Amino acid sequence: MNIAPIARACRSAAGVLLLFALCVGARAEIRAEGNPEASPIWQKVRASLFQSRPIAAASDELISLDAPTRAEDAAIVPISIRTRLVQTPARYIDKVYLIIDNNPSPISAIFRFTQLSGRADIETRVRVDDYTHVRAIAETNDGRLYMVTRFVKASGGCSAPPSKDAQAAQATLGRMKFRVDGDASGKQPVLAQLMISHPNDSGLAMNQVSRLFTPAHFVRQVNITYAGELVLSADVDFSISENPNFRFYFVPRGDGELKAEVIDSEDLRFESALPYRRHD
Amino acid sequence: MLVIPRSRRLLVALIALSGTALLGACAAAAAPRDLRTSAVEVAAGVYMLQGAPGEVDAENLGRTGNAGFIVGETGVIAVDTGTSYRHGLALLASIRRVTNKPVRLVVITHARQEFLFGSAAYSEQGIPIRMHRRSAGLMRSRCERCLKTLNQVLGAEEMQGTAMLLPDQEFDQTHAIDAIGRPVEVLYFGHSSGPGDVAVLDRRTGVLFAGGLLDQLRIPDVQDSDLDGWTRALRALHDLPLRAIVPGHGPLATPAVIDSVERYLAQLRALLLELLAAGAGLSEVPDAAALPEFARWDQYETIHRRNASILFVRFEREQMFRRPGGHD
C-alpha cells in the first residue's frame, strides 16, 4: 500500500486545520487595522519562519509593496513587490516571503531570486479572505531580513461564484503563456509575464449548489529558467488567485529559451518555453 | 390670548426652542428614518419605487435597487422584491396604498442582492416568484454569501425574516404575461448584463423595467456580464417602442440611457484593450482606467474600478487563448 499520498493528505489536512484554528482564535482582532506587530498570527508565522532573527523595517530603497487599500475583487488582488537593489554577487536579495496574515494559509508565497533575476521584483494576484495585513519580507544574501507591510480591506459581498465552469477549467489545465516585454534597445533586465491556466482551488470553498467542497488543486511550485539557468523559483499555494499570473524580470545573456516548469498539488507537471533573442 | 411679559420672552423662547429640539430628538430616536417607500406613477398604471443612491449600508438599509409594479384590470405585476424581508413588506405596502387589486406575480429581473431578498414577503402572501432559469442558477450558486454579508452590514434585526428563496416559476425565453388584463412582456436577450437578466415591458405605455441591463447615472456592473451579449441586447432595446425606462438603479430615464450605457461599455472595453496591449500590470489598471466622462456617476470610485480589474483579467485570459469576445 502506498501511504505517501495518504500521509501527504493527512499532513496537508492537519496543516490546514491548524491554520484554521489559528485564524479562528484570532478572529476578534482582525477587523481593525491595529499594530501590525500585534497580530497573533504574524507572531506565530514569524516564529516558525524566522525564529528570533531580527527583522528591520524595509526602506523603499530596498523593497516596496504595492497592494490596494481596498480590494476591488477579493479573489484577484494585485500585489506588486518592487526592489531598487540591482542583484550583484556582492549584494542581492535571495528570497522574498509574501505573508497574508488572515488567509487560511498565511505563508502565501516564497520567491527565490538569482543573479539572472536582475531585480527581485515580482507581481502576482492573490486571494484575500478578510481585512488583513499583507507583508513582504526580503532576505538578502547576508542573511538580513527586511519587512514592508500593507493593510488590505477585502469584503465578501456578491462576487462571482468560485468554480464557474469546472469542465472548461479541466480542459485548459496547465496551459501556459509567456509574454516578454523586451524592447529593441536591449534594456535590461527584461520584463516578462507568465500566465498559467489553473483553478488553484483551495479545498476550502463550498459549492453552494452541490454543498460539496471543491477539492484542493493548486499550483505549488513554479521554476523559471533562461538558457537552462534558474531565474526565479516560487513556492506557492492557494493564496495565489485562480489562473496564477507572475510578472518578473530576467537578464538574458545571449539568446536562449525562457522556460517555466510548474508542479501542482496533484503532482501534475506542466512546461512551457518561449525562445528569446536579444535585440542588441 | 397668552401674554408673555417682555422680560420673560427670551426665556420662554429658549424653553420652547429646546422643547422642540427635544421632541425632535425623541421623534428621531423613535423612527430613525421614514421606512415608507413611496410609489411614483411614471405612466398610466405603471409605478416606480426608487432605491437610494450609494452603496449598501446601514444608513440606507441596503435599499439601493429600484422596484416597481404595473396595475392592470384584474391585478398587479410586481417587478423585483428588494433587499430584505422588511423591504419586501414595505414595497408591498406601497402597492397596497395605490391599489387593492391582487398582486398576481412578481418578476425578478436579475440575480443581485438588492432585487431578490425581499421575496419571502411576497411568498408569504402567496405571490408567485418568477425568475429566468439562469438567474435562479446564479442566485443559488452565490447568494448565500451575499446574505451573510448583508447580515453583517445591516444587522440581524433589519434582516430578520430574510432568506434566499428559489423561484416558483422559472422560464427560458421571452414571453408575454397574461395575468392582469394588460399586455406585459418579459424580455430575455441571452446572457447580457447577467446570464438570466430580463427586462419587463408594459406595452400600453412603452415603459421598460430594465433591471440589470440599464442603470441611470450609475456605473453599470460588468461582474456577471457577457460584454458582447450585453451590447447585442442594448442594440435590440433600440428597436423597441420605448417611452421611458425604469433602470435597475437611479432615477427614471429616457431611452437615451441606452446610449449612455453603450458608450460606457465601449469606452471601457477600448481603454482596457489598450492597457493590455501596452503591457500594463493589473495593479496599475484601476487608476489607469479612469474615464472622466463617467466620473460623476454613482459608484464610479468603486464599481468602475472593479469593472476595470474584472474586464482586464478577462481580456488577458481571452488573449491567452486567442478567443475573441465572450464570457469565460
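In what follows, the accompanying structure is described.

Quick look at the overall build of chain A
Link 1 in the chain: Secondary structure assignment for chain A yields three helices and 15 strands.
Link 2 in the chain: Counting all 280 residues of chain A, 40% fall into the buried class.
Link 3 in the chain: Partitioning the intrachain contacts of chain A with sequence separation of at least 6 by distance along the chain shows that 67% fall at a separation of at least 24.

Examining the sheet that holds strand 4 (residues 76-79) of chain B
All names here are of chain B.
Link 1 in the chain: Pairing is mixed across the open sheet formed by seven strands, whose spatial order is 1-2-3-4-5-6-7. Each end of this open sheet is capped by a strand with a single partner; those strands are strand 1 (40-43) and strand 7 (169-171). Between one strand axis and the next, the sheet turns by 25° as a mean value, whatever way the strands run.
Link 2 in the chain: Against the sheet, helix 5 (residues 133-154) engages strand 6 (129-132) and strand 7, with an angle of about 95° to strand 6.

Focus on the interface of chain B and chain A
Link 1 in the chain: With 25 residues of chain B at the interface, the matching set in chain A holds 22 residues.
Link 2 in the chain: Secondary structure elements with two or more residues in the side of chain B that touches chain A: helix 5 and helix 9 (300-320) of chain B.
Link 3 in the chain: Among the elements that take part in the side of chain B that touches chain A, helix 5 of chain B stands out by supplying eight residues, more than any other.

A short note on the pairing of strand 4 (residues 93-100) of chain A
Residue and element names in this part refer to chain A.
Link 1 in the chain: In terms of burial, strand 4 is largely enclosed, as six of its eight residues are buried.
Link 2 in the chain: As judged from the five bridges shared by strand 4 and strand 5 (residues 107-113), these two strands associate in the antiparallel manner. Among the inter-strand pairings, Leu-98 is bridged to a residue of strand 5, identified as Ala-109.
Link 3 in the chain: Hairpin connection, strand 4 to strand 5: the antiparallel pair is bridged by six residues.

Here we look at the sheet that holds strand 3 (residues 77-83) of chain A
Residues and elements named next belong to chain A.
Link 1 in the chain: Taken together, the six strands give an open sheet; going across it, the order is 2-3-6-13-10-9, and neighbouring strands pair in antiparallel fashion. Sheet topology places strand 2 (63-66) and strand 9 (176-180) at the edges, where each strand pairs with a single neighbour. Between one strand and the next, the sheet's axes are offset by a mean angle of 15°, whatever the strand orientation.

Details of helix 2 (residues 85-98) of chain B
Residues and elements named next belong to chain B.
Link 1 in the chain: Between its first and last C-alpha atoms helix 2 spans 20 Å; for 14 residues at 1.5 Å apiece the expected length is 20 Å, and the two agree.
Link 2 in the chain: Buried within helix 2 are the following residues: Tyr-85, Arg-86, His-87, Gly-88, Ala-90, Leu-91, Leu-92, Ser-94 and Ile-95.
Link 3 in the chain: Buried residues along helix 2 sit in contact with strand 2 (46-49), strand 3 (67-71), strand 4, strand 5 (103-107) and helix 4 (119-124).

Description of helix 5 of chain B
Residues and elements named next belong to chain B.
Link 1 in the chain: In the structure, helix 5 departs most strongly from a straight axis at Arg-142, where the bend amounts to approximately 55°.
Link 2 in the chain: Among all positions of helix 5, only Arg-134, Ser-135, Ala-136, Leu-138, Met-139, Arg-142, Cys-143, Cys-146, Leu-150 and Leu-154 are buried.
Link 3 in the chain: Summarising the contacts, the buried residues of helix 5 are in contact with helix 3 (113-116), strand 6 and strand 7.
Link 4 in the chain: Where helix 5 ends, the next residue or the one after it, Gly-155, has phi of about 90°, a positive value.

What counts, and where the lines are drawn
- Residues numbered from 1 in each chain as written.
- Chains lettered and ligands numbered in written order.
- Predicted model: local features only at pLDDT ≥ 70, side-chain atom pairs only at ≥ 80, totals over all residues.
- Helix = DSSP H or I, 4+ residues; strand = E, 2+ residues; numbered from the N terminus.
- Buried ≥ 20, exposed ≤ 12 C-beta atoms within 10 Å, placed from the backbone.
- Contact = placed C-beta atoms within 7 Å.
- Pairing = 2+ DSSP bridges.
- Axes fitted to C-alpha atoms, helices over the stretch in contact; angles between N-to-C directions.
- Expected span 1.5 Å × (residues − 1).
- Bend = angle between axes of the 7 residues up to and from the residue.

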